[in-house]
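Structure at a glance
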Amino acid sequence: LVWALFLSFSSFAVVDPIVGPTSMCSPSVISLTNATPGGTWSSSALAIASVSLMGFVTAYDVGTANITYTVGTEYVVTTITVNPTPLTFVVSGGGSYCSGGTGVNIGLMISHVGVSYQLYLGSTAVGSPLPGTGSALNFGPQTTTGTYSINATGAGGCTANMTGSPTVSINALPTAYTLTTGGACTGNNIVLSGSDAGTNYQLLLGGAAIGSTRPGTGLALDFGTQTLSGVYTVTGTNATTACVNTMGSATINPTPV
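In this numbering scheme, every chain counts its residues from 1 along its sequence in written order. Selection of residues for local features in this predicted model requires a pLDDT of at least 70, selection of side-chain atom pairs for listing and counting requires 80 or more, and totals for whole chains, interfaces and linings are taken over all residues. Hydrogens are left out, water is left out, and the side-chain values use all remaining heavy atoms of the structure.

Details of the side chain of serine 26
Looking at where serine 26 falls in the secondary structure, it is placed in strand E1 (residues 23-26). For the exposure calls, accessible area comes from a 1.4 Å probe over protein chains only, and a residue counts as buried if that area is under 20% of its type's maximum, exposed if over 50%, partly exposed in between. For serine 26, a relative accessible area of 12% translates into the label buried. Contact criterion: two residues are considered in contact whenever any of their non-hydrogen atoms come within 4.5 Å of each other. Once you skip the residues sitting within four places of it in the chain, serine 26 turns out to touch Ala59, Tyr60, Asp61, Val82, Asn83, Pro84 and Thr85. Strands are runs of DSSP state E lasting at least 2 residues, helices are runs of H or I lasting at least 4, and numbering of each runs from the N terminus.

Side note on unusual backbone geometry
Cis geometry marks the peptide bond from serine 26 to proline 27; its omega dihedral reads -5 degrees. Topologically, proline 27 is positioned in the loop between E1 and strand E2 (29-31). Phi is positive for alanine 242, which is not a glycine, with a value near 65 degrees. Its location among the elements puts alanine 242 in the loop between strand E22 (230-238) and strand E23 (244-252).

Describing the environment of asparagine 66
By the secondary structure assignment, asparagine 66 is in strand E6 (residues 63-71). For asparagine 66, a relative accessible area of 32% translates into the label partly exposed. Taking the C-alpha atoms as reference points, asparagine 66 and threonine 81, 15 residues apart in sequence, are found 8.9 Å from one another. If near-sequence neighbours (up to four positions away) are discounted, asparagine 66 is found in contact with Ser42, Ser43, Ser44, Val77, Thr78 and Thr79. Polar contact criterion, stated in full: a pair of N or O atoms within 3.5 Å, where within protein one must be able to donate a hydrogen and the other to accept it, and residues adjacent in sequence count only if both atoms are side-chain atoms. At a separation of 2.8 Å, a polar atom in the side chain of asparagine 66 contacts the side chain of threonine 79.

And the structure:
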């Protein structure tokens, strides 16, 4: 009688539940466990996901697979959903801009519908994520210096880092020097109090260029005698970065007849 009861109990022994995630990304590996010893693992869809003797599930394609743990004649099943990992696309933009400017754009060359894309500066999220549109994305002009990246999040929380890490940097404006005149009336020289090598200087009268540009020398620049009255200014343009700064102004009045 005792032996019969033992056999009856063994035939209807309950297998513990399967413990582990019920969704995963393709491709990836997750681990499933079961507290009941001596069982075997199997998958209903090997093209979607396989399972090892130790309960490691490897995803190959998008879909669902029933993972079964069997002990004797008893078994338990868990359904694993395999979601796609977002495809990687190239991050575009970045570069340098002149101090005081509007920055430079950061974008993604293409995107997928159903995937959201988050811009990062280092490890800090910048703004809100943008939904994929099936075409390029523009995260707008960025003014903070540093290295940028984009992370994509798709179905099931599957994520992927996009390709490329553009940087943003700021170029300084040419140093602003003072304009002086030998006198307040026409017939006097206009002199820029200083200049820098690598910067070109242009004299303007009322916004119109007077003569040709003058390269900086590290010394003061004399633009010569001016015979026209009005408000004179000088712009300095960095020959490498093309950043422009306006020097001070000087007014020359007409000489009385």
